[in-house]
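# Examining the three-dimensional arrangement
Spelled out, the chains give:
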Amino acid sequence: MMLDSITRRPLQASIASRGFTLLEVLVALIIVATALGASLRAVGSLTNTSADLRANMMATWSAENRLTQIRLASEFPDLGESTTDCPQGDLHLVCKQEVLATPNPMFRRVLVSVVEESQPDRQIIKLTQLVPR
């Protein structure tokens with residue numbers, strides 16, 4: 001038989017202390033549901049961010065590829081604008097190239113901006129390079 005250490009009386013298990021009340025269970029469920037909801041929102045946000053980072057990386061590759069093509073061809077591009085398809089993987093990207101004059105006639109400034117074909121108003125990235133004659 002177990003005795004209470006303060007009163008030295010026998011301990012009795014009361015019926016009320018054997019489990020949780022319905023209110024306690026409901027409060028615990030509300031706390032768990034709130035935590036799960038916050039977790040799902042965080043995972044959704046990470047998924048969107050991951051897709052944007054992937055598109056940004058692919059667009060950067062496309063712009064760098066176009067600028068590298070100009071450098072390797074040793075071409076001195078004509079002034080003006082042009083548009084070419086520059087897909088990367090499953091992304092349908094479009095490279096918009098703009099060639100501008102510089103104060104030094106021996107150089108041209110080439111701007112390459114990349115947009116997604118489905119959203120032509122949303123520019124993903126823009127890179128600039130000086131090209132010598």
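Residues numbered from 1 in each chain as written. Predicted model: local features only at pLDDT ≥ 70, side-chain atom pairs only at ≥ 80, totals over all residues. Heavy atoms only, no water.

## Let's talk about the overall build of the chain
Convention followed: A run of H or I in DSSP counts as a helix once it spans at least four residues, and a run of E counts as a strand once it spans at least two, with each numbered from the N terminus. Relative accessibility decides the category of a residue: with a 1.4 Å probe and only protein chains considered, values under 20% of the type maximum give buried, values over 50% give exposed, and everything between is partly exposed. Any two residues whose heavy atoms approach within 4.5 Å are treated as being in contact. Accessible surface is estimated by sampling points in the Shrake-Rupley manner with a 1.4 Å probe; for residues, cover comes only from the protein chains shown.
A tally of regular secondary structure across the chain gives 1 helix and 4 strands. Starting at the N terminus and walking to the C terminus, you meet the elements of the chain as α-β-β-β-β. Out of the 133 residues in the chain, the part that is buried amounts to 23%. Residue pairs in contact within the chain that sit at least 24 positions apart in sequence constitute 41% of those at least 6 positions apart. Total accessible area computed for the chain in this model is approximately 10100 Å², and 60% of it derives from carbon and sulfur atoms.

## So, the state of the cysteines
Here is the rule: Cysteine sulfur atoms that come within 2.5 Å of each other are treated as a disulfide pair.
Scanning all chains against the criterion turns up 1 disulfide. Across a sulfur-sulfur distance of 2.1 Å, C86 and C95 are joined as a disulfide pair. Taking the sign of the S-S torsion, 105 degrees for the link of C86 and C95, the bridge is right-handed. The burial state of C86 is the same as that of C95; both residues are buried.

## Concerning the nonpolar core
Here is the rule we go by: Grouping buried Ala, Val, Leu, Ile, Met, Phe, Trp, Tyr and Cys residues that are joined through side-chain atoms within 4.5 Å yields what is termed a nonpolar core.
In this structure, A59, L91, L93, C95, V110, V112 and V114 are the most contacted members of the largest nonpolar core, which totals 17 residues. Of all the elements in the fold, those that place two or more residues in this core are α1 (22-73), β2 (93-101), β3 (107-116) and β4 (119-132). Ranked by residues supplied to this core, first place goes to α1 with 6 residues.

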